[in-house]
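# A look at the structure
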Amino acid sequence: MTNVTIGQYYPENSIIHRLDPRVKLFGTLVFIVLLFITNNLFGYIMLSLFVLGVIIASKVPFSRMLKGLKGILVIIILSVIINLFTTPGETVLTFKSLKITKEGLEISGYLVWRLVLMVVGTTVMTLTTSPTDIADGMEKSLRVLNLIKIPVHEISMIMSLALRFIPTLMEEMNKITKAQKARGVNLETGNIFKRVKSLIPILIPLFISSIRRAMELAYAMEARCYHGGKRTKMKPLKYKKADAAGYLVCFALIALMVCANIAVLRIDSMSRFISSI
């Protein structure tokens, strides 16, 4: 939980921080889509350089960006193991009845690269955009859904509250963990079943504290006569010249990746034709 970076805003005066949240949401969506449709080395290099440039422009420390990778380390290891030993192809290494293939190594490498870029790319957006701005940007971007009676404002409010609660719950969990350790609860030794059982004294108070905070928030919103629907903003979102430049960068990245994929496909087809001759 201490490695979770979602909802943790890093204040800084950078061009990425000053961008409209709608631009950053659109850019993150474009980046994730391109990341999943790219299947060549050149495309991954271009996306890596793009993320690196955004991180440098955001002035957020690299250590803060990479902190979120610790939370998915288990997922990365399991994915690599599954792809290494289940992908058919040319055998490179044999371990008893298990075989590691050349294709498995290639797929595993691309998978790790993709996951790292996806986590870092989304972390840039959350660290440079406050939860309130994310909710406002999402509400503005999806307001067309109001025509089909989808409560966009309420959905955005729920997401904003969820993002705000994540750092609070993490801080509450750390306090409860330290209090239980002071009472002699052993959380770090024993087998997996004992460790899971030792989490009960932490999860129950955390669950109760979460319900209490949610009730207090509900009472506060009712006391302020909150009822959803159309509400005015203290700081309404307005596009600036930098936001137009941000959209242009996103479209340029799309065009570049499309051209790169077409070029790679043509090179592969030509190489296969030459080899067949």
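For the structure, see preceding data.
First things first, this report covers the structure right here in the doc. (Residues numbered from 1 in each chain as written. Predicted model: local features only at pLDDT ≥ 70, side-chain atom pairs only at ≥ 80, totals over all residues. Heavy atoms only, no water.)

### Description of the overall build of the protein chain
Within the protein chain, the regular secondary structure consists of 11 helices and two strands. Beginning at the N terminus, the succession of helices and strands in the protein chain can be written as α-α-α-α-α-β-β-α-α-α-α-α-α. In terms of overall size, the protein chain is more extended than a compact globule, its C-alpha atoms giving a radius of gyration of 23 Å where 277 residues would be expected to give roughly 19 Å. Its C-alpha atoms put the protein chain at 80 × 60 × 40 Å along the principal axes. The buried share of the protein chain, taken over its 277 residues, is 33%. For the protein chain, long-range pairs separated by at least 24 residues make up 73% of all intrachain contacts whose partners lie at least 6 apart in sequence. Here the protein chain displays about 18,000 Å² of accessible surface, and carbon together with sulfur accounts for 69% of that area. Side chains of the protein chain carry 34 positive and 16 negative charges; the gap between the two charge centres is 3 Å. (Helix = DSSP H or I, 4+ residues; strand = E, 2+ residues; numbered from the N terminus. Rg over C-alpha atoms; globule rule 2.2 N^0.38 Å. Buried < 20%, exposed > 50% of the residue type's maximum accessible area, 1.4 Å probe, protein only. Contact = heavy atoms within 4.5 Å. Areas by Shrake-Rupley, 256 points an atom, 1.4 Å probe, with all protein chains shown as cover. Lys, Arg positive; Asp, Glu negative; His and termini not counted. Charge placed at Lys NZ, Arg CZ, Asp CG, Glu CD.)

### Considerations on the layout of surface pockets
In this structure, the largest pocket occupies an estimated 1,000 Å³ of space. Where the lining of the largest pocket is concerned, the elements lending two or more residues are helix H1 (15-18), helix H2 (21-37), helix H7 (131-141), helix H8 (152-182) and helix H10 (200-223). At six residues, H8 tops the list of elements feeding residues into the lining of the largest pocket. Of the volumes computed, that of the second largest pocket is approximately 440 Å³. Lining the second largest pocket we find 22 residues, and of these Ile16, Leu19, Gly27, Phe50 and Val54 sit closest to its centre. Residue assignment for the lining of the second largest pocket shows that the elements contributing at least two residues are H1, H2, helix H3 (41-58), helix H6 (102-128) and helix H11 (241-276). Grouping the constituent residues of the lining of the second largest pocket by class yields 15 nonpolar, six polar and one charged. (1 Å grid on protein atoms, 1.4 Å probe; cavity = no way out; pocket = protein on both sides within 12 Å on 5 of 7 lines; lining within 4 Å. Points joined across faces, edges and corners; volume = space filled by probe spheres on them. Nonpolar A, V, L, I, M, F, W, Y, C, P; charged D, E, K, R; others polar.)

### Thoughts on the packing of H2 against H7
When two helices pack together, their arrangement is given by the angle between the helix axes and by the axis-to-axis distance. Here H2 crosses H7 at 75°, and the two axes come no closer than 8 Å. Taken together, the axis directions place H2 and H7 in an arrangement best described as roughly perpendicular. Residues Pro21, Arg22 and Leu25 of H2 pack against Asp133, Ile134, Gly137, Met138, Lys140 and Ser141 of H7. Here the contact of H2 with H7 is composed, by residue class, of four nonpolar, two polar and three charged. (Axes fitted to C-alpha atoms, helices over the stretch in contact; angles between N-to-C directions. Parallel < 35°, antiparallel > 145°, perpendicular 65-115°, else oblique.)

### Points about the pairing of strand S2 (residues 98-101)
In this structure, strand S1 (residues 91-95) lies alongside S2, joined through four bridges in antiparallel fashion. Looking across to S2, one finds that Thr91 is bridged to Thr101. The loop that links S1 with its antiparallel partner S2 comprises two residues; one of these, Lys96, has a positive phi angle of about 55°. (Pairing = 2+ DSSP bridges.)

### Some points on unusual backbone geometry
Residues other than glycine seldom take positive phi values, yet Lys59 does so here, at roughly 65°. Here Lys59 shows up in the loop between H3 and helix H4 (62-66).

### Focus on the nonpolar core
Leu47 and Leu117 are the most contacted members of the largest nonpolar core, which has 29 residues in total. In terms of residues, this core owes the most to one element, H6, which gives eight residues. With residues up to four places along the chain from it excluded, the contact list for Leu117 reads Phe31, Leu35, Tyr44, Leu47, Ser48 and Val51. (Core = buried A, V, L, I, M, F, W, Y, C linked by side-chain atoms within 4.5 Å.)

### Let's talk about the packing of H7 against H8
Between H7 and H8, whose axes approach to 9 Å, the crossing angle comes to 160°. If you check the angle between H7 and H8, you find them roughly antiparallel. Along this stretch, H7 crosses H8, giving a crossing that reads as right-handed. In this structure, H7 uses Pro131, Thr132, Ile134, Ala135, Met138 and Glu139 to contact H8, whose residues at the interface are Val152, His153, Ser156, Met159, Ser160, Leu163 and Arg164. (Left-handed = near helix turned anticlockwise from the far one by under 90°.)

### A few points about the side chain of Ser108
Relative to the helices and strands, Ser108 is located in helix H6. Reaching out from Ser108, the side chain makes a polar contact with the backbone oxygen of Gly104 at a distance of 2.7 Å. Every residue in contact with Ser108, bar those within four places of it in the chain, is listed here: Val80, Asn83 and Leu84. (Polar contact = N/O pair within 3.5 Å; in protein donor to acceptor, adjacent residues only side chain to side chain.)

### Let's talk about a nonpolar patch on the surface
Where nonpolar side chains cluster on the molecular surface, the patch consists of Leu41, Ile45, Leu49, Leu52, Ile56, Phe62 and Leu66 and spans about 640 Å² of accessible area. For the nonpolar patch, the secondary structure elements donating two or more residues are H3 and H4. The greatest single-element share of the nonpolar patch, amounting to five residues, is contributed by H3. Inspection of the secondary structure assignment puts Leu49 in helix H3. (Patch = residues over 30% accessible without salt bridge, like charges linked within 9 Å, V, L, I, M, F, W, Y side chains within 5 Å. Salt bridge = Lys/Arg side-chain N within 4 Å of Asp/Glu carboxyl O.)

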